[in-house]
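Residues per chain, in single letters:
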There are 2 protein chains.
Amino acid sequence: MKVIKGDKVIYKFTHEMEYRDKVKPNERFIVETNDCFFQQVQDEDMPMSKLDYDCLNPATGPIYVEGAEPGDILKVKIIDIEVEDKGVTMTFPNEGVLGDQATQTKVRILPIEDGHAIFHGIKIPISPMVGVIGVAPTKEDGEWPTATPWKHGGNMDTTDIKAGSTLYFPVHQEGALLALGDCHAIMGDGEICFTGLEIPGKVTLEVDLIKNKTIKWPLVETEDYIMVNASGDTVDDAIYEASSEAVNFLKNGLNFEWEDAYMLASLTMDLRISQVVDPKMTVRACIPKNVLSTEDLLKGIK
Amino acid sequence: MKVIKGDKVIYKFTHEMEYRDKVKPNERFIVETNDCFFQQVQDEDMPMSKLDYDCLNPATGPIYVEGAEPGDILKVKIIDIEVEDKGVTMTFPNEGVLGDQATQTKVRILPIEDGHAIFHGIKIPISPMVGVIGVAPTKEDGEWPTATPWKHGGNMDTTDIKAGSTLYFPVHQEGALLALGDCHAIMGDGEICFTGLEIPGKVTLEVDLIKNKTIKWPLVETEDYIMVNASGDTVDDAIYEASSEAVNFLKNGLNFEWEDAYMLASLTMDLRISQVVDPKMTVRACIPKNVLSTEDLLKGIK
């Protein structure tokens, strides 16, 4: 199996990026990912003045997917996420939801044993996820630092981006130009203190293409849901975007009047918080697949 | 078993309310609840000009709980919620998350058969919940229309307020003065169009007291979580309040430094959206009980 090494990284998603590797649709391959600090934090007492802030949020890639053209959808199936045996979490002054109460830097390095991270004796079952994953944005959308989520993906920090899930991205450039990094061994929805359990990983993927269909925001498909992953300057903005797109999928996928789709969403669709601490906030609108199948959702896209 | 009839209702929670019924700690009783329209909408073609807007969101009660005094916590265990065999949902112009796209009133009355609501042939499994439930607010907090959620409870529209859950409210008045109504047969987290499947119900409850302990926001306990249910003018405001209180519970319940509690919350606590359409927005911060037990949480409250 092809292994794409973790030394090939980007720090921003741009429309024009030079690809580092090439894969084919339906090929299975492994991407080595760095933690969001590029493994610089190995010691709980490391002074933050020693941190090279130019090396934060590296994403491995870009990876050119053969046959991907602007106007297609790139499907990315996450087969497996293998993480190392320790992860790092920390607080920074003024950072996170409670930034006004956070006055000090504190670093905790947690060992992982038998699938559990250990925090002051509390055993937390891990659930590895990919924090940053995306493709080349549109030319109009400009450059996006890897720390920020937007329509091309990026730092969506969504706990459902895990083994077994399938992601859908709008392709805006030849080859799509996929890149990913920033795995978390565990994270709560919201990621309130600004970090999850940051950890290097090996992510096994398979990609595929849906030709001549496009979407506005990335989708995440799990066993039971198809989720619109939208971001905005506030959580309220992200909620509007995710809801608007999801109601359109219900309307077009089920041939409903808009008002019926709006009511059906209100009755069956959960809005879930992904993260509220990156430069933009991310929310996912979770459409149950027993209300709208993936097939019908895709059929409804013109 | 005592049955408290649905004709005894309030439309606002105030510090001074005359109670209509009395119950004892550990007594099991039934509360009949009206739907949020007081059953005025029985016909999909009913013109909204006929709706009496003074009779919206009735809450049955207030119910005086013997022995409850200011400075206590009222525990309310929801034993069962029985709902009728049809519910109503609707859109209004300019209402809900997508109010700017909502131009018409449309009413749907859905039959419920074998535990499923039927919407244009789609069978939606019901999961009955209580939309409005609360107690007398503090004198300083003033009056709260039943449509609005706040520290006393009210229209929290939280899907986890269902059979099997236990709620905790701060007591601000002799007898606590509990009132409830506005059941939904089914609702998605967010309630984006402004209504769930609105339905009359019979709610079986048991109440109990925790003496001389107080909380700022209502708590909802399920099998796996203890949730801080906070509300604010924006979802972002509600997130701050819910997170701040939850981190304090972790800090005091586990004897952690604040920064460690903040990190532990970031790793294990989900922020979930309750509703984003009432005059204030509601978010719940879900602390896993295998991280902090209910017993330790309560012990940590001074």
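Residues numbered from 1 in each chain as written. Chains lettered and ligands numbered in written order. Predicted model: local features only at pLDDT ≥ 70, side-chain atom pairs only at ≥ 80, totals over all residues.

1. Quick notes on the overall build of chain A
When helices and strands are counted, chain A shows three helices and 22 strands. Against the 2.2 N^0.38 benchmark of 19 Å for 302 residues, chain A shows a C-alpha radius of gyration of 19 Å, consistent with a compact globule. Principal-axis analysis of the C-alpha atoms gives chain A an extent of 60 × 40 × 40 Å. Looking at chain A residue by residue over its 302 residues, the buried ones come to 54%. (Helix = DSSP H or I, 4+ residues; strand = E, 2+ residues; numbered from the N terminus. Rg over C-alpha atoms; globule rule 2.2 N^0.38 Å. Buried ≥ 20, exposed ≤ 12 C-beta atoms within 10 Å, placed from the backbone.)

2. Brief notes about the domain arrangement of chain A
All names here are of chain A. Domain assignment breaks chain A into domain 1 (2-214) and domain 2 (225-299). Between the C-alpha centres of domain 1 and domain 2 there is a distance of 23 Å. The interface of domain 1 with domain 2 comprises 18 residues on the first partner and 15 residues on the second. A breakdown of the residues in the side of domain 1 that touches domain 2 according to their chemical character gives eight nonpolar, five polar and five charged. (Domains from an automatic or database assignment. Contact = placed C-beta atoms within 7 Å. Nonpolar A, V, L, I, M, F, W, Y, C, P; charged D, E, K, R; others polar.)

3. Regarding the interface of chain A and chain B
The interface of chain A with chain B comprises 47 residues on the first partner and 47 residues on the second. Among the secondary structure elements, those contributing two or more residues to the side of chain A that touches chain B are β8 (86-91), β9 (106-113), β11 (122-125), α1 (235-254), α2 (258-268) and β21 (270-275) of chain A. Counting residues per element, the side of chain A that touches chain B draws most heavily on α2 of chain A, which supplies nine residues. Each residue belonging to the side of chain A that touches chain B can be placed in one class, and the counts come to 25 nonpolar, 13 polar and nine charged.

4. Brief notes about α1 of chain A
Over its 20 residues, α1 of chain A extends 28 Å from the first C-alpha to the last, a length consistent with the 28 Å expected when each residue adds 1.5 Å. Trailing α1 of chain A by a residue or two, N255 of chain A shows a phi angle of about 55°, which is positive. (Expected span 1.5 Å × (residues − 1).)

5. What about the pairing of strand β20 (residues 225-232) of chain B?
Regular strands show a simple pattern: their side chains alternate between the two faces of the sheet. Residues and elements named next belong to chain B. Most of β20 is tucked away, with seven of its eight residues classed as buried. Pairing of strand β19 (residues 219-221) with β20 involves three bridges; the strand directions are antiparallel. Note on β20: the bridge partner recorded for V220 is M227. Connecting the antiparallel pair β19 and β20 is a turn made up of three residues. Bridging between β20 and strand β22 (residues 281-288) involves eight bridges; their strand directions are antiparallel. Of the residues in β22, the one forming a bridge with I226 is I287. (Pairing = 2+ DSSP bridges.)

6. Brief notes about the relation of the copies chain A and chain B
For the match of chain A to chain B, the screw axis carries a shift of 0.0 Å, the RMSD comes to 0.0 Å, and the turn is 180°. Here the transformation between the copies is reduced to the relation of a two-fold axis. A high fraction, 100%, of the interface residues of chain A reappear at the interface in chain B, so the copies pair face to face through one surface. (Least-squares fit on C-alpha atoms with pLDDT ≥ 70 in both.)

7. Regarding unusual backbone geometry
All names here are of chain A. Note the cis peptide between G61 and P62, where omega equals 0°. Assignment of secondary structure puts P62 in strand β6 (residues 59-65). With phi around 60°, D182 is a residue other than glycine that occupies positive phi space. Considering the arrangement of structural elements, one finds D182 in strand β17 (residues 178-184). For D182, a count of 30 C-beta atoms within 10 Å corresponds to the buried category.

8. So, the environment of F37 of chain A
All names here are of chain A. Tracing the sequence through the fold places F37 in the loop between β5 (28-33) and β6. As for F37 and P111, which are separated by 74 residues in sequence, their C-alpha atoms are 17 Å apart. Apart from the residues within four sequence positions on either side, F37 is in contact with L51, L56, V88 and E198.

9. Focus on the packing of helix α1 (residues 235-254) of chain B against helix α2 (residues 258-268) of chain B
Residues and elements named next belong to chain B. Running from N to C, α1 and α2 cross one another at 120°; their axes reach a closest spacing of 8 Å. Taken together, the axes of α1 and α2 are oblique relative to one another. Classified by chirality, the crossing of α2 by α1 is right-handed. In this structure, α1 contributes S243, A246, V247, L250, K251 and L254 to the contact, and α2 contributes W258, A261, Y262, L264 and A265. (Axes fitted to C-alpha atoms, helices over the stretch in contact; angles between N-to-C directions. Parallel < 35°, antiparallel > 145°, perpendicular 65-115°, else oblique. Left-handed = near helix turned anticlockwise from the far one by under 90°.)

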